[in-house]
Amino acid sequence: MITVTINGKQIKIEKAVTVLDAARIAGIKIPTLCHHDLLESFGGCRLCLVEVEKLPRLQTACTMYITDGMVVQTETERVVEARKAMLEFLLINHALDCPYCDKAGECDLQDLVMKYGPSSGRFAEGKRKHPESYDDPIIVRNMERCISCTRCVRMCDKVQGASAISMVNRTSKTFVEPFSGGRYNCEYCGNCLTVCPVGAIMSRLHKHTYRPWYIEKNVDTICSFCGVGCTVTAQVRGNSIIRVIPEIGKGVNKGLLCNRGRFGYDYINSGGRLTSPLIRKNGVLEAATWSEAIAYVAGRLQDVKDKSGGSAIAGIASARCTNEDNYVFQKFMRAAIGSNSIDSAAAFAFAPAQKYFESIFGQGVTANPISGIAKADGVFVIGGDPTSVNPVLGLQIRAAAQKKVPVITVGYTPGLRNFSTHSILPAPFAETSLLAAIVSELSRIKSPDVIKSAFGEIIRSIQPVSSEDAQNACGIPADEIRGCADALAGMTNPAIIIGRDIILRSDGHTNLLLLAALMQLINGRIYLASEQPNERGIIDMGCVPDSLPGGRPIAVDSFRKRYEEFIGSPIPSSQGLGLMEIIAAAHSGQVKALYVMGENIAFNVPDHSYVKEALEALDFLVLQDSFMTETARMADVVLPTLSWAEKEGSFTNLEGRMQHLQKVVDGQGIDDWSALAEISTLLGVEMHYKGVKDVMAEIARVSPLHKGITYEDMEGGQCMWPYKGEPLRHDLVLPGIDMPDVKSMLRKPGKDMVYIGVDKPLFHSGSLSRNSQALSSISSKPFARIGGGLAGRLSLADGDYVTISTSAGSLDMPVMLFADMPENLVLVPNNFEGAGVYKILAWKMNENIKTPAFDSIEASLKKIERITAEGSA
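Reading the values: the criteria
Residues numbered from 1 in each chain as written. Predicted model: local features only at pLDDT ≥ 70, side-chain atom pairs only at ≥ 80, totals over all residues. Heavy atoms only, no water. Domains from an automatic or database assignment. Contact = heavy atoms within 4.5 Å. Buried area = accessible area lost by both parts, 1.4 Å probe. Salt bridge = Lys/Arg side-chain N within 4 Å of Asp/Glu carboxyl O. Polar contact = N/O pair within 3.5 Å; in protein donor to acceptor, adjacent residues only side chain to side chain. Nonpolar A, V, L, I, M, F, W, Y, C, P; charged D, E, K, R; others polar. Buried < 20%, exposed > 50% of the residue type's maximum accessible area, 1.4 Å probe, protein only. Helix = DSSP H or I, 4+ residues; strand = E, 2+ residues; numbered from the N terminus. Pairing = 2+ DSSP bridges. Axes fitted to C-alpha atoms, helices over the stretch in contact; angles between N-to-C directions. pLDDT = per-residue confidence, 0-100. Parallel < 35°, antiparallel > 145°, perpendicular 65-115°, else oblique. Left-handed = near helix turned anticlockwise from the far one by under 90°. Phe/Tyr/Trp six-rings, centres within 6.5 Å; stacked < 30°, edge-to-face > 60°. Lys NZ or Arg CZ within 6 Å of the ring centre and 35° of its normal. Core = buried A, V, L, I, M, F, W, Y, C linked by side-chain atoms within 4.5 Å. Disulfide = S-S within 2.5 Å.

A.B. asks: Quick question: what am I supposed to make of the domain arrangement of the chain here?
C.D. replies: Size of an interface: often given as the accessible area lost when the parts come together. In terms of domains, the chain is made up of domain 1 (2–75), domain 2 (108–112 + 122–269), domain 3 (278–344 + 543–715), domain 4 (350–528) and domain 5 (750–863). Placing a centre on the C-alpha atoms of domain 1 and another on those of domain 2 gives a separation of 28 Å. Contacts between the two partners involve 12 residues from domain 1 and, on the opposite side, 17 residues from domain 2. Counting the surface lost from both domain 1 and domain 2, the interface buries some 1100 Å², and carbon and sulfur atoms represent 73% of this. The largest contributions to the domain 1 side of the interface with domain 2 come from Leu33, Leu38 and Leu39, which together make up 55% of the buried area. Connecting domain 1 to domain 2 are 0 salt bridges. Inspection of the domain 1/domain 2 interface yields 4 residue pairs in polar contact (both at pLDDT 80 or more). Here the residues of the side of domain 1 that touches domain 2 are counted per class, giving 7 nonpolar, 3 polar and 2 charged.

Structure follows, in structure tokens:
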């Protein structure tokens, strides 16, 4: 134990910490400006100066570590005078515009000057002048207020890893500037706003509209965009969210946010929100009362059920809805409708990947804490760029890299460009051959004979693939493949991050097998990238065609009968249809009615023309949503529901952390679960929930995985898988898989062959983010990513418009050039109305894992001339 005395108060501390931290433990506040809990100690502002017994000079508390017997004084006359002098220096150039500055009331400098002075300045020189910058769409910079604490620069460089800004010039002319000058052109995470102690960097969204004393309440809740599940604090006045901020040390994100989480919340105020139910009459959607709409839906569903049976009705749930919504949805479909054809967009990748790995290693194998990534001794990334899909998870990879941990990336991952020790960019859609070679090399280095399990036998049966054969298929030099395998072999506790792109392939099941083998050979921990906030939760709640709540297989009689006893109603025993099977069955006429909750399937399912034909073939389509989406325009009934900030419930993030979603403001719609309960009651299966807590209480009784769970258990973010329940014991159920001949896996692209893939923009999330004015101000229109080689071949420059054509259709949009893009690949996003890449992606079913496969889709690009408003080219 270390004993230290601060201001006469003696404390004992187990390990050496800074004087600043020791003072906090003792409940003594030492002022700082350059120090921040998210940043390394800097010692630049000199506001934390303290007197240490037997040392002649004042010491900076944020950099000096305590020693046994140390005696410290923090508020002596000498210390106070030093602080006063430092503040006087800072005020030489700092603008005295507190009444006008948006930081007033939460400005660290303002607070310190109020406490320590000085009351007036002695310097007669004029203050520096620097024009306020509005170059950025959501950030405003006022460098006349900058105190050169470098917090923002250190945050951007050392924590965010973007390195977009720097201190420029010297002495009194020093200020913060982006490297490119003018616009930041950065990731717009806004974390520089979090750490700026003054009003030098502020949000444009709140300029002259916000003061801390306006806030009537702060509500801690969960971000609604991706599967990381960041904790955010919504600041509310009246029935409006004034702003959303993180709180240091809270939640998975520990005070960090991405652009979507910080600025994208404004979609709840979009003018496109639905406010009343709509029923299609004479081909036109017309406003209706709630009672009329509920009765109409129940009547139409009953008609279909009477004529064609419950199996002719399917349901598509949403990972943007809460656990409570999804639990009631599957109960409604199984008990009231009599159908197990229930699925969601999680079926694209997250659900089949989780199911595959659990079939080998058991439930919970993918439930690993995100914080463990930064503590791993190696990171392997494949299937997409996690810094775009799950930005805060991506920061953990960057943090690991800054600790000199080897980071191996496979595929195009621009967000990790400066952090990868091994950046492997195979030919488009040729990762299978690369993985096969890596597993073969690892099997040679780390013999699978030591793996005493059934899966060890499967690994030993995998057809060996030489690095030379893989080189011929994927274009990566054999020595580089062997070097990658050697790096992996040296890891003892690595993190394996798997994105959607590696699964949506005709050989996606083979990729999963190889990744499972890789995990086993290097003792890795798997993290599945998750594009929506509740993909794990939607599986836990039973919104899958083959499992009940808690992950219990529906084909097992004892599990099914136990569930029937709980809900007091029989349910079908046969497995239902998955997402893509539902679309195909609707197209063929097998599915007559479709109930969609919170998902824009007409836009977010590939091959728009095929999906449109399938939806038009239905006898009845009902949608619950907050916006007039592409799917809503085709529906027979649209029920407006509450958005993320207007409801209470829970989300389960990608690591298996169940978190409480708090209601922030009131909305005009209805809870998804409430609408379903009303319709179910009219169909003869009563659901009398008085509130969302009743739904959670039922989940806690019905699901063995959620036994006895309450919202109180979720507070503080400590409710991790398996929650308070019982995981399912299992035996290996993976069938034997013959590895294909790597030489026939992929034909090397010809000189003029171009493939199309899906881009995942950092500033957007599905079709939801298009309703955010803030995010649209950063990225207002789609563009296609192409490499410099392809651009040169087609004589294209940034901003040129092209027609991108495939066998399924065409799109017109501008191109943007990226030097590190593969030459034979064009990436197009699926976020903007009328310009989603899924419009032109035809798919085939991967029958092994029931996912759509759209790899190796050839595309052509043709330059077109834009027609201006005046009619000239």
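A.B. asks: Where do I start with helix α24 (residues 672–682) in this structure?
C.D. replies: It helps to recall that an α-helix has 3.6 residues per turn; residues three or four apart then point in one direction. Burial within α24 is extensive, with 8 of its 11 residues counted as buried. For α24, the complete set of buried residues consists of Asp672, Trp673, Ser674, Ala675, Leu676, Ala677, Ile679 and Ser680. Along its buried surface, α24 packs onto α7 (290–308), α8 (323–337), β24 (593–597), β25 (620–625), β26 (637–640) and α25 (692–702).

A.B. asks: Is there a simple way to explain the sheet that holds strand β11 (residues 231–237) in this structure?
C.D. replies: Hydrogen bonding along the main chain pairs the strands of a sheet, whether they run parallel or antiparallel. Spatially, the 3 strands line up as an open sheet ordered β10-β11-β12, and their pairing is antiparallel. Unpaired on one side and paired on the other, β10 (217–222) and β12 (240–245) mark the two borders of the sheet. This sheet shows a mean twist of 30° between the axes of neighbouring strands, independent of strand direction. Bridging between β11 and β12 involves 5 bridges; their strand directions are antiparallel. Bridge pairing in β12 places Ala234 opposite Val244.

A.B. asks: So what exactly am I meant to see when it comes to the confidence of the model for the chain here?
C.D. replies: A low pLDDT means the predicted coordinates there should not be read in detail. Looking at the chain as a whole, its pLDDT mean stands at 93, while 96% of the residues score no less than 70. Counted against residues more than four places away or in other chains, residues 868–873, with its pLDDT under 50, gives 5 contacts.

A.B. asks: Please explain the packing of helix α20 (residues 579–588) against helix α22 (residues 608–616) as it appears in this structure.
C.D. replies: Geometry of a packed helix pair, given as the angle between the helix axes and the separation of the axes. Between α20 and α22, the least distance of the axes is 7 Å, while the angle of their chain directions is 60°. Relative to α22, the element α20 lies oblique. In terms of crossing hand, the pair formed by α20 and α22 is left-handed. Packed against α20, whose contacting residues are Ile583, Ala584, Ala586 and His587, the element α22 presents Tyr610, Val611, Glu613 and Ala614 at the interface. When the residues that make up the contact of α20 with α22 are grouped by side-chain class, the tally is 6 nonpolar, 1 polar and 1 charged.

A.B. asks: Help me understand unusual backbone geometry in this model?
C.D. replies: Of all residues except glycine, most have a negative phi; of all peptide bonds, most are trans. Here Gly117 and Pro118 are connected by a cis peptide whose omega angle stands at 5°. Tracing the backbone shows Pro118 in the loop between α3 (108–116) and β6 (139–141). Residues Trp721 and Pro722 are joined by a peptide bond in cis, for which omega reads 5°. Along the chain, Pro722 turns up in the loop between α26 (711–714) and β29 (755–759). At Ser163, a position not held by glycine, the phi torsion is positive, near 50°. Residue position: Ser163 is located in the loop between α4 (151–159) and β7 (165–168). Unusually for a residue other than glycine, Phe429 sits at a positive phi of about 65°. As for its placement among the helices and strands, Phe429 is situated in the loop between β19 (422–424) and α13 (431–445).

A.B. asks: Before we go on, may I ask you to explain the packing of aromatic side chains in this structure?
C.D. replies: Aromatic rings in a pair are described by how distant their centres are and how their planes are angled relative to each other. Taken as a whole and assessed by the stated rule, the structure comprises 17 aromatic pairs. Taking the centre distance of 6.5 Å and the plane angle of 85° together, the rings of Trp213 and Tyr214 count as edge-to-face. Seen in terms of ring centroids, Tyr267 and Trp644 are 6.5 Å apart; in terms of plane orientation they differ by 40°. Their pairing is tilted. Taken as a pair, Tyr267 in the loop between α6 (259–263) and β13 (278–281) and Trp644 in the loop between β26 and β27 (649–652) lie far apart in primary sequence, 377 residues in all. Residue classification places Tyr267 among the buried positions, given a relative accessible area of 3%. Using a relative accessible area of 8% as the deciding quantity, one classes Trp644 as buried. Members of the aromatic cluster, joined through ring pairs, are Phe225, Tyr267, Phe627 and Trp644. Note that Arg237 overlies the ring of Tyr214, its terminal NZ or CZ placed 4.6 Å from the centroid.

A.B. asks: Please clarify how the nonpolar core should be interpreted in this entry.
C.D. replies: Soluble globular proteins tend to bury their nonpolar side chains together. Counting residues in each nonpolar core, the largest one holds 199 residues, and the members touching the most others are Phe332 and Tyr595. Sorting elements by how many residues they give to this core places helix α17 (residues 508–522) first, with 10 residues. In terms of nonpolar packing, the next biggest core, distinct from the first, is built from 55 residues, Ala585, Val605, Val826 and Leu861 among them.

A.B. asks: Which parts of the structure should I look at to understand the state of the cysteines?
C.D. replies: Put plainly, a disulfide is one covalent bond tying together the sulfur atoms of two cysteines. Using the criterion set out here, one finds 0 disulfides in the structure. The closest cysteine sulfur to the non-disulfide-bonded Cys34 is located on Cys45, 3.7 Å from its own sulfur. With relative accessibility at 1%, the residue Cys34 sits in the buried group. Counting only cysteine sulfurs, Cys152 is the nearest neighbor of Cys149, a cysteine outside any disulfide, at a range of 6.3 Å. Note on Cys149: relative accessible area 11%, which makes it buried.

A.B. asks: Looking at this model, I keep getting lost on the sheet that holds strand β3 (residues 49–52). Mind explaining?
C.D. replies: Reading across from one edge, β2-β1-β5-β3-β4 is the order of the 5 strands in this open sheet, with mixed pairing throughout. Two strands lie at the open edges of the sheet, namely β2 (9–13) and β4 (59–60), each paired on one side alone. Relative to β4, β3 runs antiparallel, the two being bridged by 2 bridges. Within β4, the position partnered with Leu49 by the bridge is Thr60. The strands touched by helix α2 (residues 77–90) are β3 and β5 (70–73); relative to β3, the strand with the most contacts, the crossing angle is about 155°.

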